[in-house]
Amino acid sequence: MADTLPPFSGDTTTCPKCSHTQAVTRHKAAGEPGSRDPITFGRSPKGERLERECWRCDFVWDEALNPPVEEGEPDSAESPYFANLPDQP
Ligand SMILES: [Zn+2]
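Computed from a predicted structure; not experimentally measured.

Asks: Break down the overall build of the protein for me, with residues and values.
Replies: Within the protein one finds one helix and three strands. Listed by position from the N terminus, the elements making up the protein come as β-β-β-α. Taking all 89 residues of the protein together, 7% fall into the buried category. Once local pairs closer than 6 in sequence are excluded, the contacts in the protein between residues at least 24 apart make up 53%.

Asks: Describe the sheet that holds strand β2 (residues 49-54), with residues and values.
Replies: A sheet is described by the order of its strands in space; here three strands give the open sequence β1-β2-β3, paired in antiparallel fashion. Of all strands in the sheet, those bounded by a partner on one side alone are β1 (23-28) and β3 (60-63). Averaged over all adjacent pairs, the angle separating strand axes in this sheet is 30°, with direction ignored. Strand direction decides the pairing type here: β2 and β3, joined by four bridges, are antiparallel. What sits directly across from Arg52, in β3, is Trp61.

Asks: Describe the confidence of the model for the protein, with residues and values.
Replies: Looking at the protein as a whole, its pLDDT mean stands at 85, while 78% of the residues score no less than 70. Least confident of the elements in the protein is helix α1 (residues 80-83), whose mean pLDDT is 59; most confident is β2, at 97.

Asks: Describe the environment of Leu50, naming the residues involved and giving the relevant values.
Replies: Position of Leu50 relative to the elements: it lies in strand β2. Each C-alpha atom, one on Leu50 and one on Phe8, is 7.6 Å from the other, the two residues being 42 residues apart in sequence. In this view, Leu50 contacts Phe8, Thr25, His27, Glu63, Leu65 and Asn66; residues no more than four positions away in its chain are not counted.

Asks: Tell me about unusual backbone geometry, and please be specific about residues and values.
Replies: At Ser19, a position not held by glycine, the phi torsion is positive, near 65°. Relative to the assigned elements, Ser19 resides in the segment before β1.

Asks: Help me get a handle on the environment of Leu5, residues and values and all.
Replies: With respect to the helices, strands and loops of the structure, Leu5 is situated in the segment before β1. Leu5 gets classed as partly exposed once you count the C-beta atoms within 10 Å, which come to 16. Each C-alpha atom of the pair Leu5 and Glu63 lies 5.2 Å from the other, and the pair is 58 residues apart in sequence. Once residues within four sequence positions are removed from consideration, Leu5 is found in contact with Arg49, Asp62, Glu63 and Ala64.

About the criteria used
Residues numbered from 1 in each chain as written. Predicted model: local features only at pLDDT ≥ 70, side-chain atom pairs only at ≥ 80, totals over all residues. Helix = DSSP H or I, 4+ residues; strand = E, 2+ residues; numbered from the N terminus. Buried ≥ 20, exposed ≤ 12 C-beta atoms within 10 Å, placed from the backbone. Contact = placed C-beta atoms within 7 Å. Pairing = 2+ DSSP bridges. Axes fitted to C-alpha atoms, helices over the stretch in contact; angles between N-to-C directions. pLDDT = per-residue confidence, 0-100.

In structure tokens form, the structure reads like this:
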């Protein structure tokens, strides 16, 4: 299933309905209904996602997951700092 969700827009997102710039973020597992979806007894067809809810108008929309990008955390094996240390005896 190809997710066509927009990328995670961060903490200062803009509500597509009222242009408010703050929204709650909730993780939703695959199959988990959205907060504003009608109540059903089946699984939601939606995949894993981040649900956003506008603080002002309560509009809810989904965005793609935003896994951490591995940068700024130096890999000890490749860091110049560790590379210049003498080998331990
Ligand atoms: Zn809004």
